[in-house]
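# Architecture at a glance
Read off the chains here:
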Amino acid sequence: MEGTVVSDADTLSRSEAPVTRLRVTGMDCASCAAKVETAVRRLPDVAHVNVSVATETIAVRHGPTINATAIAAAIRTLGYGAEDPDASCEPDSEIAETVWWQRPKAVLTLICVTATAAAYALGQIAPATERWAFLAAMSVGLVPIARRAFFAARNGSPFSIEGLMTVAAVGAVVLGATEEAATVVLLFLVGEMLEGVAAGRARASIRGLKSLVPDMALLELGGTTEQVPADTLRVGAIVLVRPGDRLPADGTVIEGESTVDEAPITGESVPNRKFPGEAVFAGTINGEGALRVRVVSTARDNTIARVVRLVEEAQEA
């Protein structure tokens, strides 16, 4: 696969290296991000790696001897997905369409629950087979965990949580505590599943924030209006915001008077009346009157984008 390579002016001026961005699926926590970062850093000719769990992305600054295919291969060996972040309009569309109980971790947890319950029932019916039943039930969940631990260790993360869990489970079996080993593995899988659900909800909230900004805007050009993508608006451009429309950018009202519902940004339940000279924010909803607005920030720097960045930084910290 060929990833998306973007130019970063500051980066290029310092190191003349391209930046490859990939979408990484399956990361639920900082530990996942650390494993991915360590594995990619070990690749030759990699200068800098930045992994974001909140947006499921990785940005790699590297030299000419490595490409997106090699980076994606290193990530996939850890059990995560890697693909072009621009492959679809909605980065998390596939995940959004799949309910949590249909995801691989949830399916594995359900199978392990069934196997553990069956082992317990078999142990009650035939006590002589209890040890082997729980050993088989434990293996259902431990084999995928041990596989991830092996590849994490091979890629520079020998003390991953999967590695520690594998050692604990094997140690319990050696001590003869197969029932406890199976239970611990099951609880670990349940914890991972719940962590994935929480991470998915957090990403859904971020997608909800981003969706507040409309895709298109009415740009005034030479006395006429033209529909253009909102993310192409430049500072100083004049946009027309009709009644009921969401504002496509942060700006200043230059003509018109209307109420603006700013609840999506400020949480205020009562719309504010806006007059010429007053500031308005991207994602807010225009009321009953048309407004002409001068854009004061680009799509990357508007209020919604800043809030999203703050949320992502808070999650990473």
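Cut-offs and rules
Residues numbered from 1 in each chain as written. Predicted model: local features only at pLDDT ≥ 70, side-chain atom pairs only at ≥ 80, totals over all residues. Heavy atoms only, no water. Helix = DSSP H or I, 4+ residues; strand = E, 2+ residues; numbered from the N terminus. Polar contact = N/O pair within 3.5 Å; in protein donor to acceptor, adjacent residues only side chain to side chain. Contact = heavy atoms within 4.5 Å. Pairing = 2+ DSSP bridges. Salt bridge = Lys/Arg side-chain N within 4 Å of Asp/Glu carboxyl O. Buried < 20%, exposed > 50% of the residue type's maximum accessible area, 1.4 Å probe, protein only. Arc of directions from axis to C-beta. Core = buried A, V, L, I, M, F, W, Y, C linked by side-chain atoms within 4.5 Å. Patch = residues over 30% accessible without salt bridge, like charges linked within 9 Å, V, L, I, M, F, W, Y side chains within 5 Å. Areas by Shrake-Rupley, 256 points an atom, 1.4 Å probe, with all protein chains shown as cover.

### Overview of the side chain of T116
By the secondary structure assignment, T116 is in helix α5 (residues 104-125). Separated by 2.8 Å, the side chain of T116 and the backbone oxygen of C112 make a polar contact. Those residues in contact with T116 that sit more than four places away from it in its chain are F134, A137, A182 and L186.

### Description of the pairing of strand β9 (residues 251-255)
Both β9 and strand β12 (residues 279-280) contribute to a ladder of 2 bridges, which runs antiparallel. Residue G251 lies in a different strand from β12, and its bridge partner there is V280.

### Quick word on the pattern of salt bridges
For the structure shown, the criterion picks out 15 salt bridges. Here the residues in one salt-bridge network are K35, R148, E162 and E192, joined through shared partners.

### Regarding helix α3 (residues 68-76)
For α3, every residue scored as buried is listed here: A68, I71, A72, A74 and I75. Considered in projection along α3, the buried side chains sweep an arc of 160 degrees and stay on one side of the axis. Packing partners of the buried residues in α3 comprise β2 (19-25), α2 (30-41), β4 (57-62) and β5 (81-83). Capping the start of α3 is the job of one residue whose side-chain oxygen sits 3.2 Å from the backbone nitrogen of T69: N67.

### Thoughts on the nonpolar core
Generally speaking, nonpolar side chains in soluble globular proteins are found buried as a group. Of all hydrophobic cores here, the largest spans 26 residues; its most connected members are M27, V36, V40, I58, I71, I75 and Y80. Apart from the residues lying within four places of it in its own chain, the contact partners of I71 are T20, L22, V40, L43, V60, H62 and I66. Counting residues in hydrophobic clusters, the runner-up holds 20 residues, among them C112, A137, L186 and L189.

### A short note on a nonpolar patch on the surface
Residues V99, W100 and W101 make up a contiguous nonpolar surface patch of about 310 Å² in total accessible area. Residue placement: V99 occurs in the loop between α4 (93-97) and α5. Owing to a relative accessible area of 30%, V99 belongs among the partly exposed residues under this scheme.

### Some details on the sheet that holds strand β14 (residues 291-295)
Pairing within the open sheet is antiparallel, and its 6 strands lie in the order β7-β6-β8-β14-β9-β12. Each of the sheet's edge strands pairs with one partner strand only, and the pair in question is β7 (224-229) and β12. Here 4 bridges tie β9 to β14, and the two strands are oriented antiparallel to one another. When the sheet's bridge partners are listed, T252 is paired in β14 with R294.

### Topic: the pairing of β2
With 6 of 7 residues buried, β2 lies mostly within the body of the structure. By the bridge criterion, 5 bridges tie β2 to β4 in an arrangement that is antiparallel. By the bridge assignment for β4, T20 is matched with V60. Here 3 bridges tie β2 to β5, and the two strands are oriented antiparallel to one another. Each bridged residue has a counterpart across the sheet, and for V24 the counterpart in β5 is A82.

### Notes on the side chain of S297
Following the sequence through the fold, S297 ends up in the loop between β14 and α10 (303-316). Apart from the residues within four sequence positions on either side, S297 is in contact with V235, A249, D250 and N302.

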